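Summary of structural features
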Amino acid sequence: MITEIAPAAEAAVSEPARPGKRRRAWDEVPRWQIYLPLGIYLLFTLVPFYWILLFALRPAGSTSLVPWPATFDHFRKVWTERSFGTYFTNSVYVGVSTLVLTTVVALAGGYALARFDFRLKRGFMLALLCSQFVPGALLLVPLFQIFARLQMINSLGSVIIAETVFQLPLSMILISGFIRNVPYSLEEAAWVDGCNRLTAFRIVVLPLLRPGLVAVGSFAFVHAWNHFLFALMFLSDQSKQTVPVGLNTLMSADSVDLGALAAGGIIAAVPVVIVFAFIQKWLITGFSAGAVKG
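Described in the following lines is the structure provided in the data block. (Residues numbered from 1 in each chain as written. Predicted model: local features only at pLDDT ≥ 70, side-chain atom pairs only at ≥ 80, totals over all residues. Heavy atoms only, no water.)

Quick reminder: α-helices carry 3.6 residues per turn. Residues three or four places apart thus point the same way. The set of residues buried in helix H6 (residues 121-131) consists of Lys121, Met125 and Leu128. The buried residues of H6 occupy an angular sector of 55° when projected down its axis, which confines them to one face. Exposed and facing more than 90 degrees away from the buried side of H6 are Arg122 and Leu126. In this fold, the buried residues of H6 make contact with helix H5 (84-115) and helix H8 (156-180). (Buried < 20%, exposed > 50% of the residue type's maximum accessible area, 1.4 Å probe, protein only. Helix = DSSP H or I, 4+ residues; strand = E, 2+ residues; numbered from the N terminus. Arc of directions from axis to C-beta. Contact = heavy atoms within 4.5 Å.)

So this is what it looks like as structure tokens:
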């Protein structure tokens, strides 16, 4: 009897456990403890979006909780009567220009920080980090004086330069981190093949930095699109204002047109949503980039 049981016991001990039969901590947690907090969080997230859609789509004076019959009069009023078409064009120009300038300058500076050693390099990196703790309001007076001497007040170029300067420190640090993840041996191999440093960077390094460039450029665009302070201080002509300043004009001390304000908020949010919808794959890859396979 013992000789018959022993092989069976031996087989039971030696047989590996099937992965499908293992109980995980996830299986032991009741589903309601997971879905209930997620549902509450989703509710608090979606209700403000529904509320702004409600005010933007329902007729003026209506108190219905359902935007029916829906109307686009608020969008038409904001776009034509309140000059949001001009504000939108100016914001696109400022955002795209800031994106291009920030990416190009941060790429050059990040490469220098990643590939070259020079005196006070650590101090320079520390200064870049510390500059992120300086609020933009403290830069208004010196920037205004500089732009006044350059005769750039009431020009979109002043806002573009200010936004680029504000975005550069963090962008340079991020780009330098992405470049450090690219093996230096790849550039050396390109040099051996006859490429100079610029050609090797363009052919070997730049394609590998695409996720990082998308991440840096997208945040530069979103920050320039949403920033209110620089456009308010440096632009006085209404035809050169941007969308955030345009939203501020919809509110007065006596009354607020909630329908127009909600429609303007949706117009302001749509480009940002579209940008992140198209670049989310590159954005996730850019932030999760840790090594390069060679």
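So much for the structure itself; the text now carries on.
Relative to the helices and strands, tyrosine 184 resides in helix H9 (residues 184-192). In the structure, tyrosine 184 is positioned 21 residues away from valine 205 in sequence and 9.3 Å away in space, judged by C-alpha atoms. With residues up to four places along the chain from it excluded, the contact list for tyrosine 184 reads Arg115, Trp191 and Arg197.

The next subject is the nonpolar core. Note on soluble globular proteins: their nonpolar side chains tend to be buried together. Counting residues in hydrophobic clusters, the biggest one holds 20 residues, and the most contacted among them are Ala56, Phe75, Val78, Phe84, Trp225, Val243 and Leu247. Of all the secondary structure elements, the ones that give two or more residues to this core are helix H3 (31-57), helix H4 (73-81), H5, helix H11 (210-226), helix H13 (243-249) and helix H14 (258-288). Residue contributions to this core peak at seven residues, all from H14. Setting aside anything within four residues of it in sequence, one finds leucine 247 in contact with Phe84, Leu261, Gly264, Gly265 and Ala268. In terms of nonpolar packing, the next biggest core, distinct from the first, is built from 19 residues, Ala114, Ile173, Ile179 and Val205 among them. (Core = buried A, V, L, I, M, F, W, Y, C linked by side-chain atoms within 4.5 Å.)

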